[in-house]
Amino acid sequence: MNPQIQAFFDAATGTVTYVVHDGRDCAIIDPVLDYDPRSGRTATTSADAVVAFVRDHGLTPVWLLETHAHADHLSAAPYLKQVLGGRIAIGSHIADVQQAFARVFPQAPGVRREFDHLIAPDEVLTIGTLQLQALHVPGHTPADLAYRIGDAVFVGDTLFMPDVGSARCDFPGGCAATLYRSVRRLLALPPATRLFMCHDYPPAGRPARWETTVAEQRAHNIHMHDGVTEQQFVEMRTRRDATLPMPVLILPAIQVNISAGQLPEAEANGVRYLKIPLDAF
């Protein structure tokens, strides 16, 4: 049941994409579509590295999984589906995220059909000989899932590496108290359980890393180590979130990612446009 795992780190967004496989079938978790906010250009360089690995190892993608609707990068899931196959899936609570952003992106409530599958909390998916359990871990957003496969858990934006801490909770629908409870659920897993981060923003002098264990997080996570109470975490997280700027790509990313990574249709002039709401946040 323990999966084989290949990670791809995108330095531009600090995002880690994973190919999780049994030697035959695979799932791809949190794929990145390259996007330059200065020019509006997209590219598939990051996704093509994943494509090359999948083809070189003779793997068949079964699932293209999102841990949540990302605010820091655009999803490459539709591109990978076109090139490799597989079904695009996200947590069923994505409807709450779509509704939260409906005020500024009014198309949101109708886009659930663009996901091939909405994953219920604790639902089990099959990847060849592997079984994946979806753990609902809200707090960063209402829809966050962690994916548990054997001794590995892909935690999305719940935890970062121990010296970085935890994810922000000030997006629509976020809640620091809820995140605390979600993380404690993950940290109640066996100490040797491997935890794979969705992001790493390493302090100066440390190379990027994305794998740790429950034991390491419980001992050393600067925000959530054993002994930190819910009240202490909520107070810290609330103060910290109040100082953080909005992610650079949140406006293009959210409107694309709540639509299953689908880019807008071209207008009459043949050009596609993203919407940038003014004075809405």
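Rules behind the numbers
Residues numbered from 1 in each chain as written. Predicted model: local features only at pLDDT ≥ 70, side-chain atom pairs only at ≥ 80, totals over all residues. Heavy atoms only, no water. Helix = DSSP H or I, 4+ residues; strand = E, 2+ residues; numbered from the N terminus. Buried < 20%, exposed > 50% of the residue type's maximum accessible area, 1.4 Å probe, protein only. Contact = heavy atoms within 4.5 Å. Phe/Tyr/Trp six-rings, centres within 6.5 Å; stacked < 30°, edge-to-face > 60°. Core = buried A, V, L, I, M, F, W, Y, C linked by side-chain atoms within 4.5 Å. Polar contact = N/O pair within 3.5 Å; in protein donor to acceptor, adjacent residues only side chain to side chain.

So, the environment of Gln262
Mapped onto the secondary structure, Gln262 falls in the segment after α7 (250-257). Overall, the relative accessible area of 37% leaves Gln262 in the partly exposed class. Sequence spacing of Gln262 and Arg41 is 221 residues, and the spatial spacing of their C-alpha atoms is 15 Å. Once residues lying within four places of it in the same chain are set aside, the contact partners of Gln262 are Pro78, Glu114 and Val256.

Here's the deal with the packing of aromatic side chains
Taken as a whole and assessed by the stated rule, the structure comprises 7 aromatic pairs. Seen from their ring centres, Tyr180 and Phe233 are 5.9 Å apart, and the 40° between their planes marks the pair as tilted. In this pair, Tyr180 is assigned in helix α4 (residues 176-187) and Phe233 in helix α6 (residues 230-241), connecting sequence segments 53 residues apart. Taking the relative accessible area as the measure of exposure, Tyr180 reaches 12% and is therefore buried. Classification of Phe233 by relative accessible area gives buried; the value is 0%. Ring-pair connections join several aromatic residues into one group, and the members of that group are Tyr18, Phe154 and Phe196.

Here's the deal with the nonpolar core
Grouped together as the largest cluster of nonpolar side chains are 37 residues, with contacts concentrated most on Val19, Ile28, Val54, Leu80, Ile94, Val97 and Ile254. Contributing elements (two or more residues each) for this core: β3 (25-29), α1 (45-56), α2 (77-84), β8 (87-91), α3 (94-100) and α7. With 22 residues, the next largest nonpolar core counts Leu179, Met224, Val228 and Met236 among its residues.

So, the environment of Asn221
Turning to its location among the elements, Asn221 is positioned in the loop between α5 (214-220) and α6. With relative accessibility at 0%, the residue Asn221 sits in the buried group. Along the backbone, Asn221 and Tyr180 are 41 residues apart, and their C-alpha atoms lie at a distance of 13 Å. Sequence-distant contacts of Asn221, defined by excluding residues within four places in its chain, comprise Leu159, Phe160, Met161, Pro162, Gly165 and Glu216. A polar contact is formed between the side chain of Asn221 and the backbone nitrogen of His223, at a distance of 2.8 Å.

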